[in-house]
Amino acid sequence: MNLEKIKKIIITEILNIAPEVEEKEIEEDEDIQESLELDSFDFLKILTALNEKLGVDVPEADYEKVDTLNKMVEYFSKRLN
Amino acid sequence: MSKFVMPSLGADMESAVLMEWKVKEGDEVKKGDIIAEVETSKGVIEIEIFDDGVVEKLLVEPETDCKVGDTIALIRSTNDSLEEDMKQDIPHVKEENTEIEVKQEVPHANDESKTEEKHIKISPAAKKRAKELNVDLSKIILKIDGKIGLSDVENAVKKTKPDTKAIDGMRQAIAKAMSRSNAEIPHYYLTASINLTPALKWLEGLNSNRSISERILPAALMIKAIVLALKKVPQLNGFWKDDTPQIIQEINPGIAIALRKSGLITPAILNTQEMSLDETMKSLDDLITRTRLGKLKGSEMTEQTITITNLGDLGVESVLGVIYPPQVAVVGIGRIMDKPWAENDMLSVRKVVQVTLAGDHRATDGRIGAQFLDKLDKILQKPQELL
């Protein structure tokens, strides 16, 4: 799966969990919880949804490797390709 | 015969729109059954019946605006066949047809835009508010499938003019309750720093064997620990009513849940005293999801016995809360932080959280509050007992 496609899936899931967020608010290198006002529940739900979509389970110890959009893309692409 | 009235679903709710009956005349109902959906400024809320009986008569049509206290149905109690005198305070507010036809561009995800006709239902409350706020409904319709609710109209206003003094029911409700609290309740505050390293290590071990959807968040662990501490110090779980403290058996913590850009509500997780850690997590998950979807039950909006507010995600170290009357306490949880921690003459780094109890000094004294924080600390040092 190419990076753009993964990124698109991640953005879609973020917008699903937090419908108030607008796509242009998602900065690629900002901590998504802080910049989008998501709480730990939203974050867990996003990871759960991505697990269902992509089949990648992010262990708790790796949460800090997926705290920005770019890091998420990198993390998932490594495990998918 | 008993009258079922529009319940108050918040300190400042004056009316709500009855959206849909979930029962029909002649149906048998049991305490706790959902009999209708109403729409308030907090979203759509399901209201429950408080007695067993048979629905004798539904007195208002769907989409009627009803004041709190208006009789909206008559319930014949199963063990009482006597008819009592009834006052005729039945509202007859007829709403005009609320279906409008809109012809407009509807954007499609995968093909180019085309013109399409759409039937959109708009709730009377939404329609009224749209008029008050001067919201162009056709603009909202673009983004919505099926139905426009009150919150859609209010959100539309927030999106277009974030700084106007939009008539915001939820803001007003919070303002009223908090002003009353500050005026009436003599608060006292106690803070304890609690070493969470043992609990978080234990949780990490537990979660490492679990799939992502079954993991427990520290927030759920804290709630479970607070519930256990309340069992030991029940004086903080209850109300101050008629100048006397009332201890409540059920522990229904109201959880402060931010609706992100549109306020805050504190619906309850009901009957946590009987829940395991997994059940607490599930209930919290379910409650947050339904809160954000605007799908709460009336009892969840009215039966809180204490409030828990967790602002740790936003980085604050401690939260000195304002009690929501008639409750007598609010527990504030700050951010879990790495802190220097001295223990057994050794200095080390630990995960530390500041828990602050705000208590109503009419109902309890500082000693009770201190006992609660002490129990909470002890419980969190033996996390395996939280399962």
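Quick look at the structure, then. Computed from a predicted model, the values in this text were never measured in an experiment. The written sequence of each chain sets the order in which its residues are numbered from 1. Ligands are numbered from 1 and chains lettered from A, in the order in which they are written. Restriction of local features to residues with pLDDT of at least 70 applies here, the model being predicted, together with a cutoff of 80 or more for giving and counting side-chain atom pairs; totals for whole chains, interfaces and linings are based on all residues.

In this section: the overall build of chain B. Along chain B, the regular secondary structure elements total nine helices and 22 strands. Among the 387 residues that make up chain B, the fraction classed as buried is 39%. The contact criterion used here is simple: two residues whose C-beta atoms, placed from the backbone, lie within 7 Å are in contact. Sequence separation of at least 24 residues holds for 62% of the intrachain contacts in chain B that already meet a minimum separation of 6. Numbered from the N terminus, helices here are DSSP runs of H or I no shorter than four residues, and strands are runs of E no shorter than two. Three exposure classes are used, all based on how many other C-beta atoms lie within 10 Å of a residue's own C-beta (placed from the backbone): buried at 20 or more, exposed at 12 or fewer, and partly exposed between those limits.

Tallying the contact residues gives 14 residues for chain B and 14 residues for chain A. Elements with a minimum of two residues in the side of chain B that touches chain A: α5 (197-208) and α7 (277-293) of chain B. Take the side of chain B that touches chain A: its biggest share by element is three residues, from α5(B). Charged means Asp, Glu, Lys or Arg here, nonpolar means Ala, Val, Leu, Ile, Met, Phe, Trp, Tyr, Cys or Pro, and polar covers whatever is left, Gly included. Looking at side-chain class alone, the side of chain B that touches chain A contains four nonpolar, four polar and six charged residues.

Residue and element names in this part refer to chain A. By the secondary structure assignment, I6 is in helix α1 (residues 3-17). With 71 residues separating them along the chain, I6 and S77 place their C-alpha atoms 7.1 Å apart. Leaving out residues up to four positions away in the same chain, I6 has contacts with M1, V73, F76, S77 and L80.

So, on to the sheet that holds strand β8 (residues 71-77) of chain B. A pair of strands is labelled paired if DSSP reports no fewer than 2 bridges between them. On the basis of which strands lie adjacent, the open sheet formed by four strands has the order β1-β8-β6-β3 (chain B) and antiparallel pairing. The open sheet has two edge strands, β1 (2-5) and β3 (28-29) of chain B, and neither has a second partner.

This brings us to unusual backbone geometry. Going from B:P325 to B:P326, the amide bond is cis rather than trans, its omega being 5°. Even without a glycine there, the phi angle at A:E37 is positive, about 55°. With respect to the helices, strands and loops of the structure, A:E37 is situated in the loop between α2 (32-35) and α3 (40-54). Even without being a glycine, B:N344 presents a positive backbone phi close to 50°. With respect to the element layout, B:N344 can be found in the loop between β21 (337-343) and β22 (346-360).

The periodicity of an α-helix, 3.6 residues per turn, causes residues three or four positions apart to be oriented the same way. Residues and elements named next belong to chain A. Here helix α4 (residues 69-80) contains twelve residues, and its C-alpha end-to-end distance of 16 Å stays within 8% of the 16 Å for a straight helix at 1.5 Å per residue. Of all the residues in α4, the buried ones are L69, M72, V73 and F76. Within α4, the buried residues cover an arc of 100° as seen down the axis, which keeps them to one side. Considering only its buried residues, α4 is in contact with α1, α2 and α3. A helix's residues, less one, multiplied by 1.5 Å, set its expected span. Here, the arc refers to the directions that run from the helix axis to the C-beta atoms.

A few words on the pairing of strand β5 (residues 43-48) of chain B. All names here are of chain B. Burial analysis of β5 places six of its six residues in the buried class, the great majority of the element. Bridge count for strand β4 (residues 34-40) against β5 is six bridges, and the pairing is antiparallel. When the bridges of β5 are listed, V38 appears paired with I45. What sits between the antiparallel neighbours β4 and β5 is a turn of two residues.

Residues and elements named next belong to chain B. Note that strand β13 (residues 238-241) and strand β14 (residues 244-247) share four bridges and pair antiparallel. Pairing of W240 across the sheet is with P245, part of β14. Once β13 ends, the chain turns through two residues before running back antiparallel as β14, passing D242 with a positive phi of about 50°.

All right, on to the nonpolar core then. Residue and element names in this part refer to chain B. Counting residues in each nonpolar core, the largest one holds 50 residues, and the members touching the most others are A225, I226, A329, V331 and L376. Elements with a contribution of two residues or more to this core: α5, α6 (218-232), α7, β19 (306-310), β20 (329-333), β22 and α9 (366-381). The element that contributes the greatest number of residues to this core is α6, accounting for ten residues. In this view, A329 contacts L236, I306, I323, L357, A358, G359 and D360; residues no more than four positions away in its chain are not counted. Linking buried Ala, Val, Leu, Ile, Met, Phe, Trp, Tyr and Cys residues through C-beta atoms within 7 Å yields a set, and such a set is a nonpolar core. V55, C66, I72 and M170 belong to the second largest nonpolar core, which has 28 residues in total.

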